[in-house]
Amino acid sequence: MIQGEQSEIKSSLQKIENLLLKNEETGILIFEFHKTLPVQFFICDADLFGNLVFTQSGNEAFVEAFQEKYAIDFSAECFADEQEIFEAAGIQSIPFYARNQEKIFEQDWEQIISTGDIKGIIHTHSTWSDGKNTIEEMARACKQKGFEYLVMSDHSVSSFYANGLTVDRIMKQQEEIDRLNQLLFPFKIFKSIECDILNNGDLDYDTQVLASFDLVIASVHQNLKMTEEKAMERLLAAIANPHTTILGHPTGRLLLSRKEYPINHQLIIDACKKHEVAIEINANPRRLDMDWQWIPYAMEQQVKLSINPDAHSISGMDDIRYGILCAQKGLLTPSQNVSSMNLQEFEHFVAKKKSIIR
Ligand SMILES: [Zn+2]
Ligand SMILES: [Zn+2]
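All values derive from a computational prediction rather than experimental measurement.

Some thoughts on the nonpolar core
Side chains of nonpolar character tend, in soluble globular proteins, to be buried together. Among the nonpolar cores identified, the biggest contains 65 residues, and Leu 150, Ile 189, Tyr 205, Leu 305, Ile 307 and Leu 332 are the most heavily contacted of them. Here Ile 307 is in contact with Ile 113, Ile 118, Ile 281, Ala 283, Ile 320, Gly 323, Ile 324, Ala 327, Leu 332, Asn 337 and Ser 339, once residues within four sequence places are set aside. Counting 21 residues, the second largest nonpolar core, distinct from the first, contains Phe 62, Ile 72, Ala 89 and Ile 94.

The following block contains the structure:
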């Protein structure tokens, strides 16, 4: 590539508003968009475009392992189109999301979860706690988006700052859900709660109240500064509680603002297997918790995962797409994801867990 071409490209890019040049090397122009988003432009000759796309879309370990496994040398061979690389290797194209580790996966990519595989919206909040929409608004929107069911899981009583539900209000909310279910049939709203895991690992209500829910999502919201020992004590107690159906956002992290409390993921996943508890993949883009890197181990242990939007409004339901992107990186299949169950399968899933309690 000729240096003159790079400066030509650079000067035309510099005409774009809010795109500021930060740095450059031979073949790379590094910009910042709106003072926040880093944008890199890679420049190459047309006959090397395939090489560039391939080497930039996977991490180093992946690219090296690929070269070795299929005896392809990117420094010696030219590919104008990325597809030619997979043809030379004699394999099906590997999606971008799966190019992040040393292991080279060859599988039927159609099996990996995608947006159309979500059948129900699990983990939502309404105006009964800190949500922006009523249960009816949430349910109608959910139905209209083509989902078969909604799991309404407002905050529990200890989350007083989020208007958590007292026992009295739970009973009233459940009456409202019964009424709406008659109205919206065959769409179904499930009675749930995002139940605080208290400091000692107990759930936030007595067993009688917990038994009134179709399912319970157990999450930590308070006293988040913990040692691993303390965090594990709380989480393991909550997982062992027979009322817990799903473990909500397991590490409590808020990306770019709050570090996760330390946990031993492997032991948490093992405990979830033992007690038949599913683990949430919280799809809120600030959480993305559990981290995708633990999905393969959970799948190996046959622990169910659940991509949930933790929606506090109608538009919040659309966050599910971020959870899908994470789940794809972990190569999750719909058969291992709770929110991919249709209504009948989901009813069976929650009934099975409740049968353990009796
Ligand atoms: Zn929560
Ligand atoms: Zn929530």
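A closer look at the coordination of the zinc ion (ligand 1)
Angles between donor atoms at a metal ideally measure 109.5 degrees for a four-coordinate tetrahedral arrangement and either 90 or 180 degrees for a six-coordinate octahedral one. Around the zinc ion (ligand 1), the protein contributes the donor atoms Glu 194 (OE), His 221 (NE2) and His 249 (NE2), at 2.1 to 2.2 Å from the metal centre. In the primary sequence, the donor residues of the zinc ion (ligand 1) line up as E-x26-H-x27-H.

Thoughts on the sheet that holds strand β1 (residues 19-25)
Here three strands make up an open sheet; going across it, the order is β1-β2-β3 and the pairing antiparallel. A strand with exactly one partner marks an edge of an open sheet, and here the two such strands are β1 and β3 (37-42). Across the sheet, the axes of successive neighbouring strands diverge by a mean angle of 25°, strand direction being ignored. Where β1 and strand β2 (residues 28-33) come together, six bridges link them in antiparallel fashion. Bridged to Asn 23 within β2 is Ile 30.

A word on the coordination of the zinc ion (ligand 2)
Only His 123 (NE2), His 125 (NE2), Glu 194 (OE) and Asp 310 (OD) from the protein coordinate the zinc ion (ligand 2), and they sit 2.1 to 2.2 Å from it. Metal-centred angles of 81 to 169° between the four donor atoms at the zinc ion (ligand 2) mark the site as irregular. Positions of the donor residues of the zinc ion (ligand 2) along the chain correspond to the pattern H-x1-H-x68-E-x115-D.

Looking at the sheet that holds strand β8 (residues 246-247)
Sheet strands associate in pairs through backbone hydrogen bonding, adopting either a parallel or an antiparallel arrangement. The seven strands lie next to each other as β4-β5-β6-β7-β8-β9-β10, forming an open sheet whose pairing is parallel. Each of the sheet's edge strands pairs with one partner strand only, and the pair in question is β4 (120-124) and β10 (305-308). Sheet analysis places β4 next to strand β5 (residues 149-155), joined by three bridges and oriented parallel. Pairing of Ile 121 across the sheet is with Leu 150, part of β5. Set on the sheet, helix α5 (residues 135-144) makes contact with β4, β5 and β6 (188-196); between it and β5 the angle comes to about 150°. Running at roughly 155° to β6, helix α6 (residues 167-184) makes contact with β5 and β6 of the sheet.

Quick notes on the pattern of salt bridges
Across all of its chains, the model carries 12 salt bridges by this definition. Glu 347 is the partner of Lys 188 in a salt bridge, and the nearest nitrogen-oxygen pair spans 3.0 Å. Here Glu 347 lies in helix α12 (residues 343-357) and Lys 188 lies in strand β6, a separation of 159 residues in the sequence. Exposure remark for Lys 188: the relative accessible area of 24% places this residue in the partly exposed category. Here Glu 347 falls in the partly exposed class, since its relative accessible area comes to 33%. For Lys 352, the salt bridge identified is with Glu 276, shortest N-O distance 3.2 Å. Note that Lys 352 is positioned in helix α12 and Glu 276 in the loop between α9 (265-274) and β9 (278-282), a separation of 76 residues in sequence.

Notes on the environment of Lys 329
Residue placement: Lys 329 occurs in helix α11 (residues 320-329). The exposure class assigned to Lys 329 is partly exposed, which follows from its relative accessible area of 28%. For Lys 329 and Arg 169, which are 160 residues apart along the polypeptide, the C-alpha to C-alpha distance reads 40 Å.

A word on the domain arrangement of the protein
Considered domain by domain, the protein is made up of domain 1 (3-102) and domain 2 (112-357). The gap between the C-alpha centroids of domain 1 and domain 2 is 39 Å. In total, about 390 Å² of surface goes out of reach between domain 1 and domain 2, with carbon and sulfur atoms giving 61% of it. Considering only the surface of domain 1 that becomes buried against domain 2, Tyr 97, Asn 100 and Gln 101 emerge as the three largest contributors, covering 93% of it. In this assembly, domain 1 and domain 2 are joined by zero salt bridges. Along the contact surface separating domain 1 from domain 2 lie zero residue pairs in polar contact (both at pLDDT 80 or more). Grouping the constituent residues of the side of domain 1 that touches domain 2 by class yields two nonpolar, two polar and no charged.

Concerning helix α4 (residues 82-89)
All of the buried residues along α4 are Glu 82, Ile 85, Phe 86 and Ala 89. One side of α4 holds all its buried residues, which, seen down the axis, span an arc of 90°. Looking at the buried residues of α4, the elements they touch are α2 (49-57) and α3 (60-70).

Quick notes on the packing of α2 against α4
Here α2 crosses α4 at 80°, and the two axes come no closer than 7 Å. Classified by the angle between their axes, α2 and α4 sit roughly perpendicular to one another. Along the contact surface, α2 presents Gly 50, Asn 51, Val 53, Phe 54 and Ser 57, while α4 presents Glu 82, Ile 85 and Phe 86. When the residues that make up the contact of α2 with α4 are grouped by side-chain class, the tally is four nonpolar, three polar and one charged.

Here's the deal with the side chain of Thr 251
With respect to the secondary-structure elements, Thr 251 resides in the loop between β8 and α9. Each residue touching Thr 251, except ones within four places of it in the same chain, is listed here: Glu 260, Tyr 261, Ile 263, His 265 and Asp 289.

Cut-offs used in this document
Residues numbered from 1 in each chain as written. Chains lettered and ligands numbered in written order. Predicted model: local features only at pLDDT ≥ 70, side-chain atom pairs only at ≥ 80, totals over all residues. Heavy atoms only, no water. Core = buried A, V, L, I, M, F, W, Y, C linked by side-chain atoms within 4.5 Å. Buried < 20%, exposed > 50% of the residue type's maximum accessible area, 1.4 Å probe, protein only. Contact = heavy atoms within 4.5 Å. Donors = N, O, S within 2.8 Å, 3.2 Å for Na, K, Ca; no water. Pairing = 2+ DSSP bridges. Helix = DSSP H or I, 4+ residues; strand = E, 2+ residues; numbered from the N terminus. Axes fitted to C-alpha atoms, helices over the stretch in contact; angles between N-to-C directions. Tetrahedral: all angles 85-135°; square planar, octahedral: opposite > 155°, others 65-115°. Salt bridge = Lys/Arg side-chain N within 4 Å of Asp/Glu carboxyl O. Domains from an automatic or database assignment. Buried area = accessible area lost by both parts, 1.4 Å probe. Polar contact = N/O pair within 3.5 Å; in protein donor to acceptor, adjacent residues only side chain to side chain. Nonpolar A, V, L, I, M, F, W, Y, C, P; charged D, E, K, R; others polar. Arc of directions from axis to C-beta. Parallel < 35°, antiparallel > 145°, perpendicular 65-115°, else oblique.

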